[in-house]
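Chain by chain, the residues:
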Amino acid sequence: MKLKDFFSPLKRHELLFFILIILLSGSIFGIIKLLPKSEKTTIYFSIKPAQTTQQNTLTNLDPTESSMKIADMIAGWAKNPAFREDILKDSDIFINHFKEKITARKQNRTNVFWTISLDMEEKKYSKKIAQSTINVFEKNFEEFNQNNAFPFEHTRPQVFRELKTIPFYWSLFGSAFFGLILSFYILYLFESILGKVSFISQIRESFPHSPLLKISEKTGTHDEKLLEQFILTFASPRLIGTFPKAEEIFSLTEKNAIDKSVDTPILLIQLGKTTIQELENLEAIFGKELGIVVFEK
């Protein structure tokens, strides 16, 4: 299917398409603005060996590599249910679905970032939860060092807070983009539910080798000479309409009045109006040797 054929439903419903874009984009933008805001708390610190001159012979890693491994381990604590439970116990606060609101990652080898995202109702607990996270981390880190022949240390944790909102231009662009996609999908779905022919490729499935003339103008305003030239290339052409307006514009022939041994059926098809069932019926009656005129609007 060619790209311009793919967008053919837009040619037939330009006004409706733009109305849908405005309505859907506006609705999506409003929904985005109604989404609950949240506060993101970031706890940052770095890991380094307490004795940088000593080579870690146990793991055969130099100090920097050892620190990277420890930073990876600490970042993994966020996935430990017991670690998360200790944070809530230390703060004496219950946070619903807390495991989805706390994450950790290593950045730039030895830097660790803990992130806690709380909604606006839980925002009042952010300072206490952050301090409890630091408390539990330092307790676990101290226990780790006690059992480790090569101790490590961390820098003083720094805490940053920011309100998480979707930027205005992101909201605007996202609303317009999804409004555009949904509008096109609705137009196509509307024709599909009604069983209409939306694309020329659907016609080609029934008549893969039949000569086909595409007319981009609306019926009644089309180039009559071009249409006449196409029709006269066939022996004894007989026009068959497949959409209601064809009867008002063209001189049609009844299906049962066509002699297949002499006449050549010329199907007049309008995208968005002709049904797929009608094409299948005409294929069953006349076969695939015929002419096709397609009005795209």
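Rules used in this analysis
- Residues numbered from 1 in each chain as written.
- Predicted model: local features only at pLDDT ≥ 70, side-chain atom pairs only at ≥ 80, totals over all residues.
- Heavy atoms only, no water.
- Pairing = 2+ DSSP bridges.
- Helix = DSSP H or I, 4+ residues; strand = E, 2+ residues; numbered from the N terminus.
- Axes fitted to C-alpha atoms, helices over the stretch in contact; angles between N-to-C directions.
- Contact = heavy atoms within 4.5 Å.
- pLDDT = per-residue confidence, 0-100.
- Polar contact = N/O pair within 3.5 Å; in protein donor to acceptor, adjacent residues only side chain to side chain.
- Buried < 20%, exposed > 50% of the residue type's maximum accessible area, 1.4 Å probe, protein only.
- Right-handed = clockwise from strand over helix to strand, strands pointing away.
- Core = buried A, V, L, I, M, F, W, Y, C linked by side-chain atoms within 4.5 Å.
- Phe/Tyr/Trp six-rings, centres within 6.5 Å; stacked < 30°, edge-to-face > 60°.
- Patch = residues over 30% accessible without salt bridge, like charges linked within 9 Å, V, L, I, M, F, W, Y side chains within 5 Å.
- Areas by Shrake-Rupley, 256 points an atom, 1.4 Å probe, with all protein chains shown as cover.
- Salt bridge = Lys/Arg side-chain N within 4 Å of Asp/Glu carboxyl O.
- Lys, Arg positive; Asp, Glu negative; His and termini not counted.
- Charge placed at Lys NZ, Arg CZ, Asp CG, Glu CD.

S.K.: So what about the sheet that holds strand E8 (residues 264-270)? Which residues, and what values?
M.R.: Reading across the sheet, the four strands line up as E6-E9-E8-E7 and stay open at both edges, with parallel pairing between neighbours. On the outer flanks of this sheet lie strand E6 (212-215) and strand E7 (237-241), each paired with one strand and no other. If you compare each strand with its neighbour and ignore which way they point, the axes differ by 20 degrees on average. Contacts between helix H9 (residues 224-231) and the sheet are confined to E6, E7 and strand E9 (291-295), with E6 contributing the most and set at about 175 degrees to the helix.

S.K.: Just give me the short version of the confidence of the model for the protein chain, but keep the residues and values in it.
M.R.: Model confidence for the protein chain is summarised by a mean pLDDT of 84, while 93% of its residues fall at 70 or above. Per-element mean pLDDT across the protein chain ranges from 64 in helix H1 (residues 3-6) up to 92 in helix H5 (residues 81-91). Confidence drops under a pLDDT of 50 for residues 52-59, and excluding neighbours within four residues, the segment shows 14 contacts in the predicted structure.

S.K.: With reference to specific residues and values, describe the side chain of Gln270.
M.R.: Assignment of secondary structure puts Gln270 in strand E8. Of note is the side chain of Gln270, whose polar atom sits 2.7 Å from the backbone oxygen of Lys297. If sequence neighbours within four positions are ignored, Gln270 has contacts with Thr219, Thr242, Phe243, Phe295 and Lys297.

S.K.: Tell me about the pairing of strand E1 (residues 38-49), and please be specific about residues and values.
M.R.: Taken across its twelve residues, E1 has nine buried, putting it largely inside the fold. Across nine bridges, the pairing between E1 and strand E3 (residues 111-119) is antiparallel. Bridged to Tyr44 within E3 is Phe113.

S.K.: Got a sec to walk through the pairing of E9? Specific residues and values, please.
M.R.: On any regular strand, side chains alternate: one points to one face of the sheet, the next to the other face. By the criterion of burial, E9 is predominantly enclosed, with five of the five residues buried. Examined bridge by bridge, E6 and E9 share four bridges and lie parallel to one another. Paired with Lys214 across the strands is Val294, a residue of E9. Two elements, E8 and E9, share five bridges in a ladder whose sense is parallel. When the bridges of E9 are listed, Leu268 appears paired with Val293. Handedness of the crossover joining E8 and E9 through helix H11 (residues 276-286): right-handed.

S.K.: I'd like to hear about the nonpolar core, residue by residue, with values.
M.R.: Ranked by internal contacts, the top residues of the largest apolar core, which has 27 residues, are Phe45, Ile47, Ile74, Phe98, Trp114 and Ile129. Mapped by element, the contributors of at least two residues to this core are E1, helix H4 (63-76), H5, E3 and helix H6 (126-146). Of all the elements, H6 adds the most residues to this core, at seven residues. If you look at the next biggest cluster of nonpolar residues, it comprises 15 residues, including Ile200, Ile203, Ile240 and Leu271.

S.K.: Give a description of the packing of aromatic side chains that names residues and reports values.
M.R.: Counting across every chain of the model gives 14 aromatic pairs. Summarising the aromatic geometry, the rings of Phe173 and Phe177 are spaced 6.3 Å apart at their centres and angled 15 degrees between planes, so their arrangement reads as stacked. Here the residue Phe173 and the residue Phe177 both occupy positions in helix H7 (residues 168-193), the gap between them amounting to four residues, near one helical turn. With a relative accessible area of 40%, Phe177 lands in the partly exposed category. For the pair Phe230 and Phe234, a centre-to-centre distance of 5.2 Å together with 75 degrees between the ring planes defines the contact as edge-to-face. Here Phe230 and Phe234 have matching classes, each one buried. Among the aromatic residues, ring-to-ring pairing joins Phe45, Trp77, Phe83, Trp114, Phe137, Phe141 and Phe144 into one connected group.

S.K.: If you had to explain a negative patch on the surface to someone new, which residues and values would you point to?
M.R.: Together, Glu217, Asp223, Glu224 and Glu228 make up a negatively charged patch on the protein surface. Tracing the backbone through its elements, the reader meets Glu224 in helix H9.

S.K.: For unusual backbone geometry, give the residues involved together with the corresponding values.
M.R.: Of note, His97 is a non-glycine position whose phi angle comes to about 55 degrees, a positive value. You can see His97 is positioned in the loop between H5 and strand E2 (102-107). Here the phi dihedral of Ser236 falls at roughly 45 degrees; this positive angle occurs in a residue that is not glycine. Here Ser236 is to be found in the loop between H9 and E7. Taking relative accessible area as the criterion, Ser236 reaches 24% and is therefore assigned partly exposed.

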